[in-house]
Amino acid sequence: MSENNGSIRHILIGVWTAAVLLFVFLPSATIFLASMTSSRYFTFPISSFGLDWWSKILNSLEVRSLAYTSLSIALSVTIIAVVLGFFGALAFARYDWKGRKLYQKFILLPIFFPQSVLGLALLLWFNALGFTLSWKTAVLAHLVWIAPVVTLVMAIQVYSFDPSLEEAATDLGASRWQTFREVTLPVLMPGIFSGSLFAFLLSWGNFPLSLYTTGADNTLPKYLYAKMVAGYTPGVPVLGTISTAAAAVLLFGGYTAMLFLTRKRNAAA
Amino acid sequence: MTGTSEPILRLKNVRKAFGNLAAVDDINLSIGEGEFFTIVGPSGSGKTTLIRMLAGMERPTSGDILLRDKRINDTPANERPTCMVFQSLALFPHRTVGQNIEFALKIRNVDPATREKRARELMQQLHLPADYYSKNVTLCSGGERQRVALARALAFDPQILFFDEPLSAIDYKLRKTLEKELKDIHRETGKTFVYITHSLEEAMVMSDRIGVMRRGKLIQVGSPNEIYSTPRSRFVSEFMGDVNVIPVESNGAGSVRSQSLGASFKVPPASIEGKAQCLVVRPEFLRFLSSPSDAQNSLKGVLYNEYALGSRIQYQVRVGEKVFLVEKLRQQPFKGSLDDEVLIGWDPENSILVADE
């Protein structure tokens, strides 16, 4: 009887898990399916499958330039956000100073601002300051939102950092710089790593901030939106699929690399 | 208060205040070259602040710290020829055992071959298996990590080694082993060790001298035997384990009186004057008597309970409101039943008068 109950419970857990996964991943899968059509419009069910739109998109110069712009923004944001976030996280979680509590609250606030409002506000500022809008202003805009996120992600790692490690290094004769290079930086490396993944992926997929602040330059999410509003082709889901897949590959690749490095380090025994 | 040899470290009126609170208050101390000196105190007594000042991680508010007669108050930790084993051990988790031990040598740009040779020597000396050299330090057991931390500090070749309660998180049996090993290492290296702990037992096992700290002050310094047998205050005597403490008043020469017990006791001649006093008698010096004339001081009570403490048995005897502890060797137990009326007593030379503080 109880064994029976157990197996029913297992089945129910399985069904529930599958339902949740379906709910989360089905939309993205649909995009992929929609890209596999050879007709001009999106119809469901798909009448004729084909990869025509994939080859069109992959060979399009416009798409390459879009990807290039998105990549430039994401990489710039990643580098700057990681540097800001690293020191921000040390200030957030490692050192005690006057005003730290206030800083902890204020630095997290932008994460919860509606991004469309934040984008508009930044646009107003850029105009007021006389900046010409381009992908570079978008980098600034992304940073306002992403640097706090990265700070938070890294602060989690810094919280678990034993401050006596730095003291021990100093006590063993290391200068400030040597302590930083030999101990602080490598111990916090996993946090830096996940922080950069966050920065890159959040910037890569960001639409609301880019919409207001890229000016004449165009990013992938912005282009997708424009095409949806006017001029839909199955090229849109193709691009959407590529964009999502790139993020997934980066995430899994990064995770695997991290796992590999940890294993290698531990297996050195 | 000087050590057995030339002092290597001297503290003059050292004080450290955090706001209005003096964590360390007016400490004067000399520690001898090659001495194993232990500072004992309960948590919050200021011992950690003191050792952090000695190691260079805190700066004294006032007073002087002298290392071989050179003032080192303002010398940062990385320029002091001393090294500390931390309570958390602070081993570098991203490094192997070998890399941890070699850290100080790497900082000094010693070539890798010499570094490895030295690390392997230390590993052998500290009973670490040779194949641990390239093992990640996070995979080592508690005892192994202790040894790595000690090896890392020894590789620095410090003039003084500080220890900030490194054994406090280790289970009893392993701690006993490591205490003995540490004392052996002290002998082998001949270095000066300054150790802090809240465990008197630990201090007794290892130290040449012990300093007892309370509320930022060093209240007594002496050999383990002196601290144990001639404590100067009630606090020190109670810190050193189970004792019988009787608040008393002076009652003329060689005699004191306890109000609560309604009895007078003979005390040793050299006793303190002034302040409120307590008479301290250790449980092993209390005896069961068959008649009051068997000892110079005696009390009548009721046998209340008994506890087996390994090699000894401890008896609780109630005299009025007060409970006295009497200890006997396991081989010679007291033959009596609970609730029996018993007579206990001691001789004056086995008791001491201490300040009631």
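Thresholds, definitions, all that
- Residues numbered from 1 in each chain as written.
- Chains lettered and ligands numbered in written order.
- Predicted model: local features only at pLDDT ≥ 70, side-chain atom pairs only at ≥ 80, totals over all residues.
- Heavy atoms only, no water.
- UniProt positions renumbered as here; feature names shortened; annotations may be inferred.
- Pairing = 2+ DSSP bridges.
- Helix = DSSP H or I, 4+ residues; strand = E, 2+ residues; numbered from the N terminus.
- Axes fitted to C-alpha atoms, helices over the stretch in contact; angles between N-to-C directions.
- Contact = heavy atoms within 4.5 Å.
- Buried area = accessible area lost by both parts, 1.4 Å probe.
- Salt bridge = Lys/Arg side-chain N within 4 Å of Asp/Glu carboxyl O.
- Polar contact = N/O pair within 3.5 Å; in protein donor to acceptor, adjacent residues only side chain to side chain.
- Nonpolar A, V, L, I, M, F, W, Y, C, P; charged D, E, K, R; others polar.
- 1 Å grid on protein atoms, 1.4 Å probe; cavity = no way out; pocket = protein on both sides within 12 Å on 5 of 7 lines; lining within 4 Å.
- Points joined across faces, edges and corners; volume = space filled by probe spheres on them.
- Buried < 20%, exposed > 50% of the residue type's maximum accessible area, 1.4 Å probe, protein only.
- Expected span 1.5 Å × (residues − 1).
- Domains from an automatic or database assignment.

- The name that an unreviewed UniProt entry assigns to chain B is Spermidine/putrescine transport system ATP-binding protein, with the source organism given as Hyphomicrobium facile.
- Recorded in UniProt for chain B, the comment headed Sequence similarities (unreviewed entry) runs: "Belongs to the ABC transporter superfamily."

- Taking an unreviewed UniProt entry as the reference, chain A is identified by name as Spermidine/putrescine transport system permease protein belonging to Hyphomicrobium facile.
- UniProt lists a comment for chain A under the heading Subcellular location (unreviewed entry), and it reads "Cell membrane".

1. Details of the sheet that holds strand 5 (residues 70-71) of chain B
All names here are of chain B.
- The antiparallel open sheet is built from 4 strands, whose spatial order is 2-1-4-5. Edge positions in the open sheet fall to strand 2 (21-32) and strand 5, since each of these has one partner strand only.
- Relative to strand 2, strand 1 (residues 7-18) runs antiparallel, the two sharing 8 bridges. Note on strand 2: the bridge partner recorded for Leu9 is Ile31.

2. Quick look at the sheet that holds strand 15 (residues 287-289) of chain B
All names here are of chain B.
- The strand order across the open sheet formed by 5 strands is 15-19-16-17-18, and the pairing between neighbours is antiparallel. At either margin of the open sheet sits one strand with a lone partner, and together these are strand 15 and strand 18 (322-329). The average undirected angle you get between the axes of adjacent strands in this sheet is 50°.
- By the bridge criterion, 8 bridges tie strand 17 (residues 312-319) to strand 18 in an arrangement that is antiparallel.

3. Thoughts on the interface of chain A and chain B
- In this assembly, 21 residues from chain A lie in contact with 27 residues from chain B.
- With both chains or domains summed, chain A and chain B bury close to 2,100 Å², and 60% of this area falls on carbon and sulfur atoms.
- The three residues of chain A that bury the most area against chain B are A:Asp171, A:Leu172 and A:Glu182, which together make up 35% of that side's buried surface.
- The interface formed by chain A and chain B contains 3 salt bridges.
- Across the pair A:Glu182 and B:Arg95 runs a salt bridge, and its minimum N-O distance is 3.0 Å.
- At the surface where chain A touches chain B, the tally comes to 9 residue pairs in polar contact (both at pLDDT 80 or more).
- For the side of chain A that touches chain B, the secondary structure elements donating two or more residues are helix 7 (164-171), helix 8 (176-187) and helix 12 (235-266) of chain A.
- Sort the elements by how many residues they give to the side of chain A that touches chain B and helix 7 of chain A lands first, with 7 residues.
- Residues of the side of chain A that touches chain B, tallied by class, amount to 10 nonpolar, 6 polar and 5 charged.

4. Thoughts on the layout of surface pockets
All names here are of chain A.
- In this model, the largest pocket occupies a volume close to 580 Å³.
- Lining the largest pocket we find 26 residues, and of these Arg94, Tyr95, Glu166, Thr170 and Arg176 sit closest to its centre.
- Top element by residues in the lining of the largest pocket is helix 8. It accounts for 4 residues.
- Split by residue class, the lining of the largest pocket holds 9 nonpolar, 8 polar and 9 charged.

5. Observations concerning the environment of B:Arg257
All names here are of chain B.
- With respect to the element layout, Arg257 can be found in strand 12 (residues 255-258).
- Here Arg257 falls in the partly exposed class, since its relative accessible area comes to 33%.
- Along the primary structure Arg257 and Val354 are separated by 97 residues, whereas in three dimensions their C-alpha atoms are 14 Å apart.
- Not counting residues up to four positions away in its chain, the partners in contact with Arg257 are Val248, Glu249, Asn251, Gly262, Ala263 and Ser264.
- Among the polar contacts listed, one links the side chain of Arg257 to the side chain of Ser264, at a separation of 3.4 Å.

6. Some remarks on the pairing of strand 4 (residues 62-67) of chain B
Residue and element names in this part refer to chain B.
- Pairing of strand 1 with strand 4 involves 5 bridges; the strand directions are antiparallel. Paired with Arg15 across the bridge in strand 4 is Ser62.
- Hairpin geometry of strand 4 and strand 5 is characterised by an intervening segment of 2 residues between the two adjacent antiparallel strands and by a positive phi of about 45° at Arg68.

7. Regarding unusual backbone geometry
All names here are of chain B.
- If you check the backbone angles, Leu89 has positive phi at about 70° while not being a glycine.
- Tracing the backbone shows Leu89 in the loop between strand 6 (82-85) and helix 2 (97-107).
- A residue is classified by how much of its surface remains accessible, and Leu89, at 6% relative accessible area, is buried.
- Look at Glu165: it is not a glycine, yet its phi comes out positive at around 45°.
- For Glu165, a relative accessible area of 8% gives the class buried.

8. Brief notes about helix 4 (residues 142-155) of chain B
- For helix 4 of chain B, spanning 14 residues, the distance from its first C-alpha to its last is 20 Å, which sits close to the expected 20 Å at 1.5 Å a residue.
- The buried fraction of helix 4 of chain B is high, at 12 of 14 residues.
- Three or more residues of helix 4 of chain B are buried, namely B:Gly143, B:Glu144, B:Gln146, B:Arg147, B:Val148, B:Ala149, B:Leu150, B:Ala151, B:Arg152, B:Ala153, B:Leu154 and B:Ala155.
- Check the buried side of helix 4 of chain B and you find it contacts helix 7 of chain A together with strand 6, helix 2, helix 3 (112-125), strand 7 (160-164) and helix 5 (172-189) of chain B.
- Downstream of helix 4 of chain B by a residue or two, B:Asp157 has a phi angle that is positive, lying close to 55°.

9. Here we look at the domain arrangement of chain B
Residue and element names in this part refer to chain B.
- What the domain assignment lists for chain B is domain 1 (7-232) and domain 2 (235-355).
- With 16 residues of domain 1 at the interface, the matching set in domain 2 holds 10 residues.
- Carbon and sulfur atoms supply 76% of the area that domain 1 and domain 2 bury against each other, a total of about 1,100 Å² over both sides.
- On the domain 1 side of the contact with domain 2, Leu200, Tyr228 and Pro231 bury the most area, a combined 46% of that side's loss.

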